[in-house]
Amino acid sequence: MGLKLLSTGIPGLDKVFGGGLPEYSFNLIAGPPGAGKTTLAHQLTFANASAERPAIYFTVLGEPSLKMLRYQQQMGFFDPEKVGTVIRFIDLSPEVLAEDLDALLDSIVQHVQQTNPAIVVVDSFRTVTRAYAGGDVELQGFLQRLALHLTSWQVTSFLVGEYSDGELSNNAVFTIADGICWLTQNRERNSIVRKIEVMKMRGQATIPGLHTFRISEQGIHVFPRTMSRLPSAEGLPERCRVTMGVPGLDEMLGGGLLTGDATLVAGPSGTGKTAMSIQFTGEGVRHGEPGVLALFEEHPEEFVTRAAEMGFDFEAMMQQDRLRVLYFRPLDLSADEILHEVQQAVAQIGARRLVIDSLNGLELALSASSREDFRESLYRMVGAVTGGGVSVLLTVEVTESFDRINFSPHTVSFMAHNIIFLRYAEIDGQLRKVLTVAKMRRSQHSPYLHAYEISSKGLRVAEPLTGYSGILTGVPTQRRLDPAGLPGLTGRERAVLDRVLALGEATAERLTEALGVDPPALSRALARLVDLNYLIAVDEDGRVLYRSVVRPLGQTESE
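Now for a look at the structure at hand.

The rules behind these values
Residues numbered from 1 in each chain as written. Predicted model: local features only at pLDDT ≥ 70, side-chain atom pairs only at ≥ 80, totals over all residues. Heavy atoms only, no water. Helix = DSSP H or I, 4+ residues; strand = E, 2+ residues; numbered from the N terminus. Buried < 20%, exposed > 50% of the residue type's maximum accessible area, 1.4 Å probe, protein only. Contact = heavy atoms within 4.5 Å. Areas by Shrake-Rupley, 256 points an atom, 1.4 Å probe, with all protein chains shown as cover. Phe/Tyr/Trp six-rings, centres within 6.5 Å; stacked < 30°, edge-to-face > 60°. Lys NZ or Arg CZ within 6 Å of the ring centre and 35° of its normal. Arc of directions from axis to C-beta. Pairing = 2+ DSSP bridges. Axes fitted to C-alpha atoms, helices over the stretch in contact; angles between N-to-C directions. Parallel < 35°, antiparallel > 145°, perpendicular 65-115°, else oblique. Nonpolar A, V, L, I, M, F, W, Y, C, P; charged D, E, K, R; others polar. Salt bridge = Lys/Arg side-chain N within 4 Å of Asp/Glu carboxyl O. Core = buried A, V, L, I, M, F, W, Y, C linked by side-chain atoms within 4.5 Å. Patch = residues over 30% accessible without salt bridge, like charges linked within 9 Å, V, L, I, M, F, W, Y side chains within 5 Å. Lys, Arg positive; Asp, Glu negative; His and termini not counted. Charge placed at Lys NZ, Arg CZ, Asp CG, Glu CD. Polar contact = N/O pair within 3.5 Å; in protein donor to acceptor, adjacent residues only side chain to side chain.

### Comments concerning the overall build of the protein
Argument step 1. Looking only at helices and strands, the protein features 19 helices and 27 strands.
Argument step 2. In the protein, which comprises 559 residues, the proportion classed as buried is 53%.
Argument step 3. Long-range contacts, defined as pairs at least 24 residues apart, comprise 69% of the intrachain contacts of the protein with a sequence gap of at least 6.
Argument step 4. Counting every atom, the protein has about 25500 Å² of accessible surface; 49% of that belongs to carbon and sulfur.

The structure is reproduced here in structure tokens:
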């Protein structure tokens, strides 16, 4: 028969405890001053106390009850109707000052027997051991007798105290306690980070490690350090293709992204990473896939305004609960806090797409200690979200380099299923934008570098730059057809042939768009190139594709 578990009433803490707090357990809440021990004990007491399950809260040479209540009444969990009725606050200072352990124990026993409580808290229990000048044997005997009473009364009890790490191995209370919760508060540069660790909990499979928590006007909120996945959406086709929302990019991706993939979009400033994230999110919503935007740089109002200029009404999407925009700008967050907010937003609207813009901003938003574990935190976050079938788009700014390819300054590219790489290149005396699909797991993709343009409507992928070499150096050289090897062709016909060579194959509509030639003139040029055996026309699925039977200058038969 399993243990009966009590809910702590503290968001996230039940999960850390492995489902809840074992009833009738004898627990220690330890940590330095200001870590949140009393707030934790109060919040837990107010959550569990009722007329059927009353509570007693003993104070010992610490903060007087009135002083504690004066501050705690500001918290959202505080219920004034419970004070003095289902929760009794009792001061044990006289017994402690008298250094009479027997009298102290008798007082606790008397109050417990009179009230018959379900919850007993002694705050601060540490002052009992500090105030007592007797021997360790007597003190340990007192602790054992107190623990025996508390367990025989069938109450769930908490001893609150200030302890140091060095006391873990030589203090009897740590041996007797069924559960030990250790709270810490550390200053990291200009931020304060609070964490909780469950060092011991008999009968429970707790989540190990340090877990971040915050104290707000609502009380304590714990953010478990976990890799649990989001639940998958019911009825979602397994590994189906979804559109990126960028014209021409789906073709490069073999038909689109696979659901549940994480895609890294890397490039220097101004290459359109944010614009691509807007198109990815907006097109997803239009196709019935709600989205969540986690912004770490641009303010949501500016983001929504830019989206409207591109033709996406994000304001209406948010009002219809098909889009949720999260904005993170503090410098003391933990990855678990961010993951909690993201998971909550995804679950609330049933999101199928998530954008994190950008990883650079995410790193800056984390506390100093979290930045040290940035890759681990990001790995857990991406795994938790994509495990539920959510397609994730991560943007990252990289420094332009002409002698090597750098996908991320954080060495996190291995986490991404797909990588889209953006960069600048000088072509024909112009600074052009170029992209390529550098990586795509479980799918074929285009190996070519493509030019692309950014307009008021967003990104649009143009033709592959097969007529150039050395593009990644930033200064490519053009490879043109040898005019002497193409006798009898006009300039327009050579231009059409050159473009078909660059594209590999193309329809007449694609060539009209790429060359800006009027359709009748293009039709005459194509017909002549087919007659002269420079091109072949292939009918595929009702479309006529034109393919070249010649090669660029310098290309051999084996190539």
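We are not done yet, so read on.
### Comments concerning the packing of aromatic side chains
Argument step 1. In total, this model carries 7 aromatic pairs according to the counting rule given.
Argument step 2. Between Phe46 and Phe77, the aromatic rings sit 6.0 Å apart at their centres with planes inclined by 50°, giving tilted as the arrangement. With Phe46 in helix α2 (residues 37-48) and Phe77 in the loop between α3 (65-72) and β5 (87-91), this residue pair connects regions lying 31 residues apart in the sequence. A single burial state applies to Phe46 and to Phe77, both of which are buried.
Argument step 3. Of the aromatic side chains, those joined through ring pairs into one cluster are Phe46, Phe77 and Phe78.
Argument step 4. Just above the ring of Phe280 sits the side chain of Arg353; from NZ or CZ to the centre is 4.5 Å.

### Details of the environment of Ile87
Argument step 1. Locating Ile87 in the fold gives a position in strand β5.
Argument step 2. For the pair formed by Ile87 and Ala49, sequence separation is 38 residues and the distance between their alpha carbons is 6.6 Å.
Argument step 3. Contacts of Ile87, omitting those with residues within four sequence positions, involve Thr45, Phe46, Ala49, Ala55 and Lys82.

### Describing α3
Argument step 1. Every buried residue of α3 is accounted for by Ser65, Met68, Leu69 and Gln72. For α3, the angular spread of the buried residues around the axis is 95°, confining them to a single face.
Argument step 2. The secondary structure elements touched by the buried residues of α3 are α2, β4 (55-59), β5 and β6 (119-123).

### Structural notes on the sheet that holds strand β26 (residues 535-540)
Argument step 1. The 3 strands are arranged β25-β27-β26 in an open sheet whose pairing can be described as antiparallel. Each of the sheet's edge strands pairs with one partner strand only, and the pair in question is β25 (505-506) and β26.
Argument step 2. With 6 bridges joining them, β26 and strand β27 (residues 543-548) adopt antiparallel strand pairing. In the strand pairing of β27, Ala537 is matched with Tyr546.

### Observations concerning the packing of helix α17 (residues 491-503) against helix α19 (residues 519-531)
Packed helices, taken two at a time, are described by their axes: the angle between them and the distance between them.
Argument step 1. Running from N to C, α17 and α19 cross one another at 80°; their axes reach a closest spacing of 10 Å. As the angle between them shows, α17 and α19 are arranged roughly perpendicular. Here α17 contributes Arg492, Glu493, Val496 and Leu497 to the contact with α19, which in turn contributes Ala521, Leu522, Ala525, Leu526, Arg528 and Leu529.
Argument step 2. Of the residues contributing to the contact of α17 with α19, the split by class is 7 nonpolar, no polar and 3 charged.

### Details of the pattern of salt bridges
Argument step 1. A complete count under the given rule lists 15 salt bridges for this structure.
Argument step 2. A salt bridge links Glu23 to Arg53, with the nearest nitrogen and oxygen atoms 3.2 Å apart. Of this pair, Glu23 sits in the loop between β2 (21-22) and β3 (26-30) while Arg53 sits in the loop between α2 and β4, placing them 30 residues apart in sequence.
Argument step 3. When the shortest N-O distance is used, the salt bridge between Asp102 and Arg145 registers 3.3 Å. A residue pair is termed long-range when its members are at least 10 positions apart, and Asp102 in helix α5 (residues 101-115) and Arg145 in helix α7 (residues 136-152) qualify at 43 residues.

### Regarding the sheet that holds strand β15 (residues 291-295)
By way of backbone hydrogen bonds, the strands of a sheet pair with one another, either parallel or antiparallel.
Argument step 1. With mixed pairing, the 9 strands of this open sheet are ordered in space as β16-β15-β17-β18-β14-β19-β20-β21-β22. Two strands bound the open sheet, and with one partner strand each, they are β16 (323-327) and β22 (458-464). Averaged over all adjacent pairs, the angle separating strand axes in this sheet is 25°, with direction ignored.
Argument step 2. As paired strands, strand β17 (residues 353-357) and strand β18 (residues 391-397) are joined by 5 bridges and run parallel to one another. Counterpart to Arg353 in the pairing with β18 is Ser391.
Argument step 3. Of the strands in this sheet, β15, β16 and β17 are in contact with helix α13 (residues 335-349), which crosses β16 at around 165°.

### Some points on the nonpolar core
Argument step 1. Residues Ile338, Ile356, Leu359 and Leu362 are the most contacted members of the largest nonpolar core, which totals 39 residues.
Argument step 2. Elements represented by at least two residues in this core include exactly β14 (262-267), β15, α13, β17, α14 (359-365), α16 (374-386), β18 and β19 (418-427).
Argument step 3. Ranked by the residues each element gives to this core, the list is headed by α13, at 7 residues.
Argument step 4. If near-sequence neighbours (up to four positions away) are discounted, Ile338 is found in contact with Phe296, Phe328, Leu333, Leu362, Leu366 and Met381.
Argument step 5. In terms of nonpolar packing, the next biggest core, distinct from the first, is built from 35 residues, Phe46, Val160, Val198 and Val222 among them.

### A closer look at the pairing of β18
Argument step 1. Buried residues dominate β18, accounting for 6 of its 7 residues.
Argument step 2. Note: β14 against β18, 6 bridges, orientation parallel. For Val265, the partnering residue across the bridge sits in β18 and is Thr395.

### Details of the environment of Pro519
Argument step 1. Among the structural elements, Pro519 can be located in helix α19.
Argument step 2. Accessibility expressed as a relative area gives 49% for Pro519, which makes it partly exposed.
Argument step 3. Remark: the alpha-carbon pair of Pro519 and Ala508, spanning 11 residues in sequence, is separated by 7.9 Å.

### What to know about unusual backbone geometry
Argument step 1. Ser358 follows Asp357 through a cis peptide bond whose omega is 5°.
Argument step 2. Among the secondary structure elements, Ser358 is positioned in the loop between β17 and α14.
Argument step 3. At Arg442, a residue that is not glycine, the phi angle is positive and equals roughly 60°.

### Re a negative patch on the surface
Argument step 1. Taken together, the side chains of Glu301, Glu302, Asp313 and Glu315 present a region of like negative charge at the surface.
Argument step 2. Within the fold, Glu302 resides in helix α11 (residues 300-309).

### A word on the side chain of Asp336
Argument step 1. One can find Asp336 in helix α13.
Argument step 2. A polar contact is formed between the side chain of Asp336 and the side chain of Arg380, at a distance of 2.8 Å.

Just distances and angles here, no functional claims.
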